[in-house]
Amino acid sequence: MNSMLSASKREFIQFMMSADVLRFGKFKTKSGRLTPYFVNTGNYKTGAQISTLGKFYADLIQNTLSSDGFDALFGPAYKGIPLVTAAAGSLARDYGIDKPYFFNRKEEKDHGEGGSFIGYCPKDGDRLVIIEDVITAGTAVREVLPLLKGCADVSVPHMFISVDRCEVGQDPSKTTVMEVREQFDIQVHAILSVFDIYEYLKQEPSYTQILKDMEHYMEQYCRF
């Protein structure tokens with residue numbers, strides 16, 4: 001096994017592939033780029049899968065932040081909803097860190113309790129953590145930040161994702177993660193990066209052609 005790839009990262013890659021979440025072929029990303037691999041967290045569909053996924057997120061959060069380092073977890077609709085729910089559940093169950101969580105509606109409800117958010121109601125001074133699947137062009141971050149900032153005087157110092165695609169953003173000399181950090185002061189933490197996936201494929205002889213496609217794509221769009 002390549003020393004660059006930890007056992008936990010290898011386990012997460014195999015977990016995503018077994019759930020048909022990490023796929024290889026030809027796909028178009030939200031940014032319009034044609035990519036040889038795609039991460040679709042919408043393919044998690046069993047209780048065991050979402051429980052395992054929540055544990056991976058909770059492990060990363062617990063290893064990155066102290067229990068008093070954040071006040072609530074937020075998941076952007078739609079894919080962020082099960083992710084934030086699973087992460088919050090695992091933090092409470094596995095680490096005794098019981099934090100509130102919430103998510104947004106795509107369309108604001110005008111009856112019943114109304115509003116744009118479901119779950120916890122943020123208050124002034126809250127430090128929020130965003131739970132997402134991947135980050136490519138940073139579109140989702142730019143969409144949800146005005147919503148979060150509009151509900152209370154909150155800060156969003158951290159974001160946790162499954163995979164950092166390490167792709168260039170609006171500035172071709174910087175990755176989207178760099179831009180998010182510089183523009184919004186958000187630190188992005190990923191369970192995996194595209195370079196981890198690449199290292200994994202290098203160890204598997206059956207992925208020779210995919211490796212070539214990955215190398216070509218990464219040369220065009222990815223930065224360290």
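Whatever comes next refers back to the structure up there.
Below, the structure is looked at part by part. Every value quoted in this text rests on a predicted model; they were computed, and no experiment measured them. (Residues numbered from 1 in each chain as written. Predicted model: local features only at pLDDT ≥ 70, side-chain atom pairs only at ≥ 80, totals over all residues. Heavy atoms only, no water.)

### Here's the deal with the pairing of strand 1 (residues 22–28)
- Of the pairings in the sheet, the one linking strand 1 to strand 2 (residues 34–39) comprises five bridges and is antiparallel in character. Residue Phe24 lies in a different strand from strand 2, and its bridge partner there is Tyr37.
- Hairpin connection of strand 1 to strand 2: five residues between the antiparallel strands, including Gly32 at a positive phi of 90°. (Pairing = 2+ DSSP bridges. Helix = DSSP H or I, 4+ residues; strand = E, 2+ residues; numbered from the N terminus.)

### Concerning the pattern of salt bridges
- With the rule as written, the count across this model stands at 12 salt bridges.
- A salt bridge links Asp94 to Arg93, with the nearest nitrogen and oxygen atoms 3.3 Å apart.
- For Arg93, a relative accessible area of 51% gives the class exposed.
- With a shortest N-O distance of 3.5 Å, Glu199 and Lys202 are connected by a salt bridge. Of the two residues, Glu199 and Lys202 are both situated in helix 6 (residues 194–202); the distance of three residues between them amounts to about one turn of the helix. (Salt bridge = Lys/Arg side-chain N within 4 Å of Asp/Glu carboxyl O. Buried < 20%, exposed > 50% of the residue type's maximum accessible area, 1.4 Å probe, protein only.)

### Remarks on the pairing of strand 9 (residues 187–193)
- Across the seven residues of strand 9, five count as buried, placing the element largely inside the fold.
- Pairing geometry for strand 8 (residues 155–164) and strand 9, over six bridges, is parallel. Bridge pairing in strand 9 links Val163 to Leu192.
- Taking the sense of rotation as the criterion, the β-α-β connection linking strand 8, helix 5 (residues 176–184) and strand 9 turns out right-handed. (Right-handed = clockwise from strand over helix to strand, strands pointing away.)

### Regarding the packing of aromatic side chains
- A complete count under the given rule lists 11 aromatic pairs for this structure.
- Here the aromatic rings of Phe27 and Phe38 are separated by 5.5 Å at their centres, their planes lie at 25°, and the arrangement is stacked. Residue Phe27 is located in strand 1, and its partner Phe38 is located in strand 2; the two are separated by 11 residues in the primary sequence.
- Taking the centre distance of 6.1 Å and the plane angle of 80° together, the rings of Phe74 and Phe117 count as edge-to-face. Placement of the pair is Phe74 in strand 3 (residues 72–75) and Phe117 in strand 5 (residues 115–119), with a sequence separation of 43 residues. Each member of the pair, Phe74 as well as Phe117, carries the same accessibility label: buried.
- Clustering of aromatic rings is evident, with ring pairs tying together Phe12, Phe15, Tyr44 and Phe56.
- If you follow Lys99 out to its NZ or CZ, it ends over the ring of Phe70, 5.1 Å from the centre. (Phe/Tyr/Trp six-rings, centres within 6.5 Å; stacked < 30°, edge-to-face > 60°. Lys NZ or Arg CZ within 6 Å of the ring centre and 35° of its normal.)

### Some words on helix 7 (residues 208–221)
- In a regular helix each residue adds 1.5 Å, so 14 residues correspond to 20 Å; helix 7 covers 20 Å between its end C-alpha atoms and thus fits that length.
- Those residues of helix 7 not exposed but buried are Leu211, Met214, Tyr217 and Met218. Considered in projection along helix 7, the buried side chains sweep an arc of 130° and stay on one side of the axis.
- Packing partners of the buried residues in helix 7 comprise strand 2 and helix 6. (Expected span 1.5 Å × (residues − 1). Arc of directions from axis to C-beta. Contact = heavy atoms within 4.5 Å.)

### Digging into the packing of helix 1 (residues 7–18) against helix 6
- The N-to-C vectors of helix 1 and helix 6 enclose an angle of 85°; their axes lie 10 Å apart at closest approach. One element, helix 1, and the other, helix 6, form an angle in the roughly perpendicular class. Contact with helix 1, carried on its side by Lys9, Arg10, Ile13, Gln14 and Met17, involves Asp196, Ile197 and Tyr200 of helix 6 and no other residues of that element.
- When the residues that make up the contact of helix 1 with helix 6 are grouped by side-chain class, the tally is four nonpolar, one polar and three charged. (Axes fitted to C-alpha atoms, helices over the stretch in contact; angles between N-to-C directions. Parallel < 35°, antiparallel > 145°, perpendicular 65-115°, else oblique. Nonpolar A, V, L, I, M, F, W, Y, C, P; charged D, E, K, R; others polar.)

### Considering the side chain of Asp196
- Along the chain, Asp196 falls in helix 6.
- Overall, the relative accessible area of 9% leaves Asp196 in the buried class.
- A distance of 2.9 Å separates the side chain of Asp196 from the backbone nitrogen of Ser193, its partner in a polar contact.
- With near-sequence residues (within four places) excluded, Asp196 lies in contact with Leu5, Lys9 and Ile13. (Polar contact = N/O pair within 3.5 Å; in protein donor to acceptor, adjacent residues only side chain to side chain.)

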